[in-house]
Amino acid sequence: MRSLLALWAIVMFSASTQAEDANELVKKAAASAKAGKLDEALKLAAEATKADAKNPAGPFITGQILLGQRKPGEAAEAFTEAIKRDASSATAFDRRGDAYLKSGKFKEAIADFDKYLEANPKFRPDHWRLGIALYYAGRFEDGGRAAGERVEPPDAPTAVERDREPDDDQGFDGWQRY
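Residues numbered from 1 in each chain as written. Predicted model: local features only at pLDDT ≥ 70, side-chain atom pairs only at ≥ 80, totals over all residues. Heavy atoms only, no water.

1. Thoughts on the pattern of salt bridges
- According to the stated counting rule, one finds seven salt bridges in the structure shown.
- In this structure, Arg96 engages Asp112 in a salt bridge whose closest nitrogen and oxygen atoms are separated by 2.6 Å. Within this pair, whereas Arg96 is found in helix H5 (residues 90-103), its partner Asp112 is found in helix H6 (residues 106-119), the two being separated by 16 residues in sequence.
- Arg96 gets classed as buried once you look at its relative accessible area, which sits at 12%.
- One salt bridge in this structure joins Asp98 and Arg129, with 2.3 Å as the shortest N-O distance. (Salt bridge = Lys/Arg side-chain N within 4 Å of Asp/Glu carboxyl O. Helix = DSSP H or I, 4+ residues; strand = E, 2+ residues; numbered from the N terminus. Buried < 20%, exposed > 50% of the residue type's maximum accessible area, 1.4 Å probe, protein only.)

This is the structure we're talking about:
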């Protein structure tokens, strides 16, 4: 019995250490990305992804960096891995939707944006990217309605200012939601 408890303690400590190591690597990757050292950031993010097979932060920041490098196909793959690790992450669905939109995969983008908005309905009026995806998927009326739902106060920043790559709201620090 004691040996089973000792083994359990070792396994739990090891898992805890892996998560801490992965999160530290993700912090370093975010700092490197912010400093413009994107190759270094991707290397650190890959190490974080390998360090803890359950932690979605490594693949998430990898996707963020790849979106910033205008590599939406690779970014979508990274966000897919983050979603496999945490299917409850609405932000990962939103970011993968961005990657799909930029890849011309409009139906996939719509599905991901819908998943994000299901968890965050208050953002539906501001989610103009859904309107674009609907339009390019041939759903012109739905796209127009989605774009028309947008209500912006007079002094609010424009959507382009809010959603530039990488944006401050969901940029390199978005992994911290994990």
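2. Side note on the confidence of the model for the protein
- On average, residues of the protein score 81 in pLDDT, and 72% of them are at 70 or above.
- Mean pLDDT per element in the protein: helix H9 (residues 159-162) is the minimum at 42, and helix H4 (residues 72-85) is the maximum at 98.
- This stretch, residues 4-16, has a pLDDT under 50; its non-local contacts, to residues over four places away or in other chains, come to zero contacts.
- Here residues 151-170 is modelled with pLDDT under 50, and outside its nearest four sequence neighbours on either side it reaches 28 contacts, counting other chains as well. (pLDDT = per-residue confidence, 0-100. Contact = heavy atoms within 4.5 Å.)

3. Details of the packing of helix H2 (residues 38-51) against helix H3 (residues 57-68)
- Look at H2 against H3: their axes get within 8 Å of each other, and the N-to-C directions meet at 160°. By the angle between their directions, the pair H2 and H3 is classed as roughly antiparallel. The hand of the H2/H3 crossing is left-handed. Residue-level contacts link Leu38, Ala41, Leu42, Ala45, Ala46, Ala48 and Thr49 of H2 to Gly58, Pro59, Ile61, Thr62, Ile65 and Leu66 of H3.
- Its residues placed into classes, the contact of H2 with H3 shows ten nonpolar, three polar and no charged. (Axes fitted to C-alpha atoms, helices over the stretch in contact; angles between N-to-C directions. Parallel < 35°, antiparallel > 145°, perpendicular 65-115°, else oblique. Left-handed = near helix turned anticlockwise from the far one by under 90°. Nonpolar A, V, L, I, M, F, W, Y, C, P; charged D, E, K, R; others polar.)

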